Every structure is written in structure tokens, then in C-alpha cells.
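# Structure at a glance
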Amino acid sequence: MKKLFLIVAAMFAAVSFSACSDDDDNGHVSDKPVLVKQCIITEEYGETGIVYFEYDSQNRISHVSFSERTDSKVEYLFSYNENILTITHEQIDYIEPDRSRTDIYTCELNADGYIVKETMNNNPEDSEFYSYKNGYLQTSYTNFSNLAYNWDNGNLVSYSAVGYWTTTFTYSDIIATPINMDLNFIEEFYDYHFWGLFGKKSKNLPQKSVLKEKDSANTSTNTYQYELNSNKTISKVLVSEVQTGDYNESRNYSIKFVY
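Residues numbered from 1 in each chain as written. Predicted model: local features only at pLDDT ≥ 70, side-chain atom pairs only at ≥ 80, totals over all residues. Heavy atoms only, no water.

Another aspect to go through is the overall build of the protein. Within the protein, the regular secondary structure consists of one helix and 16 strands. Within the protein, the proportion of its 259 residues that are buried is 46%. In the protein, once contacts between residues fewer than 6 apart in sequence are set aside, the share between residues at least 24 apart is 45%. Total accessible area on the protein stands at roughly 13300 Å², and carbon and sulfur atoms take up 45% of it. (Helix = DSSP H or I, 4+ residues; strand = E, 2+ residues; numbered from the N terminus. Buried < 20%, exposed > 50% of the residue type's maximum accessible area, 1.4 Å probe, protein only. Contact = heavy atoms within 4.5 Å. Areas by Shrake-Rupley, 256 points an atom, 1.4 Å probe, with all protein chains shown as cover.)

Structure representation (C-alpha cells):
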């Protein structure tokens, strides 16, 4: 079972470098995405973790940080220079400094500001490429993997690692003020997917995601329930995760948003 701050993401989605929206005293939904400053994750057994987000003067994400343990810390620093975004990823271990490491990702942006190529530590063999159609992510691929994304009516309906697994989505009818994080990848709350760095986001709130492995009975189903603030921004998401197949496990936790 995935533990708090141990979810590993290998994929990416949606960019949004938008300004904060004004509060609507009448409680109406705004069209401007609101910037998330904190995600507070609380497990059912009481453990709590916080992911912090900071932004530059243009409301672009500039710093993400969280702690896996009290004796370690993970940080991402963002530097923008025309069509190049540099992301410095630091893993800091205060107890065993030799285990600390720094990786640098150089990202090329297209005319819409979406990442089309990402290279780790200037090594061409550690590059990932992304393609888009009408602003929606279509493929991401490396020398070792190929991911495909399928959209319908402005929503991501599925994505898959070709020949290995597929995740499908169904959506709720809840109308909420948009935020700059990508809720299709809400379990990856400290990685690129969730931060909104790759193309447009789904227009509706995901209600359920189902991951199925090819030629296997293994599935992972996540169900989401939302609580809204008076201005229709998301206050909290209640997540229920159920795994079946080789291992039958369940997990419940909540993610609170601070703006």
C-alpha cells in the first residue's frame, strides 16, 4: 500500500500559470484558477503531512517543499528563462548527508508554455518528450516507455502505458472554481502531474479512477468526495483507495487545500 509521501509519479499533465481569482461574495464560480499554497494530507490513522507551494511575481510555480520524515526534506526550485524551465530537485537527509542528492531537469517549452522535452542532469538518454493536440497532452515517451492519453469533451478519460496498464476516469457533476492543480493526479500531490505543468486540465472534477494491469486481475480504484468553500473552491477531498488482486488492501485519507 502506498504510504504518505511515498507515491512515485512517472507521468505528467496540464499547465496553468494563471493569477489568483477574486473572491465572489455571492458564492458564484469564478473562471480564473486559484493558486494552491498548501496541501494538508491526513491519513485515517492520524499522520499528517504538508506540501508547500510558492509562486513568483507572474504567479508561476517557483518552489515546492515537503518532508518525508522529520530528519529529511524534499524541495523543487523553478527557474524560468524564455522557453526554458529549469527545475532543481533536492533530496536532503539531515541524518545521513551522503544520501542527499540534487538532480536538475531542463525543460523546453512550446509557444503555449507547455513542456515538450525534459532532460535530467544534461544526459540526453534521460530525456522525456511530450506531444499535444489543441493544448491537450497526447503522448509522453522515453527510450524505455510510451504513454498515451485519451480525451473526450474536455476530460481525460484514460491514459495508459502501452502494453502494461490503463487508468480510466469517470467524473462528477460538481461545479467548482478551478484551481491550478490537476486533480486527475491528486494522489501525486508532490509531483509534476498534480502541479499542472503539462497542457490543459480536465474541465470536470474526477469522481473515480481505476487502474488495471494488462493480463492481470490487479486493480486499484480511487473514489473522490469533495467539500467546497463558500466561493466554490475545493476545501477538502476525501479519498478512498481500494486495491484488489494479488493484494487486497484499502486506504482512506483526506487532502485539504489552503489558498
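Moving on from the coordinates now.
Turning to the confidence of the model for the protein, a few remarks are in order. Do not read the predicted coordinates in detail wherever pLDDT is low. Averaged over the protein, the pLDDT score is 87; the fraction of residues at 70 or greater is 87%. With pLDDT under 50 throughout, residues 1-28 is counted as low confidence; its partners more than four residues away or in other chains account for 107 contacts. (pLDDT = per-residue confidence, 0-100.)

Let us look at unusual backbone geometry. With a phi close to 65 degrees, asparagine 59 is a non-glycine residue in the positive phi region. Its place among the elements puts asparagine 59 in the loop between strand 2 (48-55) and strand 3 (61-66). Classification of asparagine 59 as partly exposed rests on a relative accessible area of 22%.

What follows concerns the pairing of strand 7 (residues 115-120). Sheet analysis places strand 6 (residues 101-109) next to strand 7, joined by five bridges and oriented antiparallel. Paired with glutamate 108 across the bridge in strand 7 is lysine 117. The antiparallel pairing of strand 6 with strand 7 creates a hairpin that spans five residues between the two strands, and glycine 113 there sits at a positive phi of about 85 degrees. In the sheet, strand 7 pairs with strand 8 (residues 127-133) via three bridges, with the strands oriented antiparallel. Residue pairing for strand 8: threonine 119 is matched across the bridge by serine 127. Linkage of strand 7 to strand 8, two consecutive antiparallel strands, is achieved through a turn of six residues, within which asparagine 121 is found at a positive phi near 55 degrees. (Pairing = 2+ DSSP bridges.)

This next bit is on the pattern of salt bridges. By the definition in use, this model includes six salt bridges. The residue arginine 60 makes a salt bridge to aspartate 56 at a minimum N-O spacing of 2.8 Å. In this structure, glutamate 241 and arginine 251 form a salt bridge, with 3.9 Å as the shortest nitrogen-oxygen distance. Within this pair, whereas glutamate 241 is found in strand 15 (residues 234-244), its partner arginine 251 is found in strand 16 (residues 249-258), the two being separated by 10 residues in sequence. Comparing glutamate 241 with arginine 251, the two get one shared label, buried. Here the salt bridges share partners, and the residues they tie into one network are Glu43, Glu241 and Arg251. (Salt bridge = Lys/Arg side-chain N within 4 Å of Asp/Glu carboxyl O.)

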